Amino acid sequence: MTYVITQPCIGVKDASCVDVCPVDCIHPSQNEEGFDTAEQLYINPDECIDCGACEPACPVTAIFEESATPDEWKHFIKINADFFK
Ligand code: SF4
Ligand code: SF4
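Focus: the overall build of the protein chain
- From N to C terminus, the protein chain includes 3 helices and 4 strands.
- Ordered by position from the N terminus, the helices and strands of the protein chain form the series β-α-β-β-α-β-α.
- Taking 85 residues into account, the globule formula puts the C-alpha radius of gyration at 12 Å, and the protein chain, at 11 Å, falls close to it.
- Principal-axis analysis of the C-alpha atoms places the extent of the protein chain at approximately 30 × 30 × 25 Å.
- Looking at the protein chain as a whole, 24% of its 85 residues are labelled buried.
- Taking all contacts inside the protein chain whose residues are at least 6 apart in sequence as the whole, residues at least 24 apart take part in 75%.

Quick notes on the nonpolar core
- If you look at the biggest cluster of nonpolar residues, it comprises 17 residues, and the most contacted ones within it are I5, C17, I26, L41, I43, C54 and I63.
- For this core, the secondary structure elements donating two or more residues are β1 (3-5), α1 (16-20) and β3 (42-43).
- Per element, the largest residue contribution to this core is 3 residues, and it comes from β1.
- Beyond its immediate stretch of four places on either side in the chain, I43 contacts T2, Y3, V4, I5, C25, I26, C48 and N80.

Observations regarding the site of ligand 2
- In the vicinity of ligand 2 there are 14 residues, among which C9, V12, S16, C17 and C58 approach most closely.
- Broken down by class, the residue content of the shell around ligand 2 amounts to 11 nonpolar, 1 polar and 2 charged.

What counts as what
Residues numbered from 1 in each chain as written. Chains lettered and ligands numbered in written order. Predicted model: local features only at pLDDT ≥ 70, side-chain atom pairs only at ≥ 80, totals over all residues. Helix = DSSP H or I, 4+ residues; strand = E, 2+ residues; numbered from the N terminus. Rg over C-alpha atoms; globule rule 2.2 N^0.38 Å. Buried ≥ 20, exposed ≤ 12 C-beta atoms within 10 Å, placed from the backbone. Contact = placed C-beta atoms within 7 Å. Core = buried A, V, L, I, M, F, W, Y, C linked by C-beta atoms within 7 Å. Near = placed C-beta within 6 Å. Nonpolar A, V, L, I, M, F, W, Y, C, P; charged D, E, K, R; others polar.

This is how it looks when you write it as structure tokens:
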């Protein structure tokens, strides 16, 4: 299981989630190449430990536990995973 970043992050991208993630699995972070041009941030499903810390940190409710992702945003599960391929 993993957490997933969805549509509301697009255009907000304030990186509050990056600051609270204990395993640094949310990318690109502010000081990484690609942050400025990234549409949104993404959670690496292979590294996320499912702690849930990022979910309440997001000001726009963009983050969901994978199985709780709203139907209209389920495609973001693949979008997050594909970013790390
Ligand atoms: S659930 Fe925890 S480990 Fe996974 S992305 Fe959020 S803060 Fe990081
Ligand atoms: S806290 Fe929410 S809006 Fe901010 S970067 Fe993370 S997912 Fe995007």
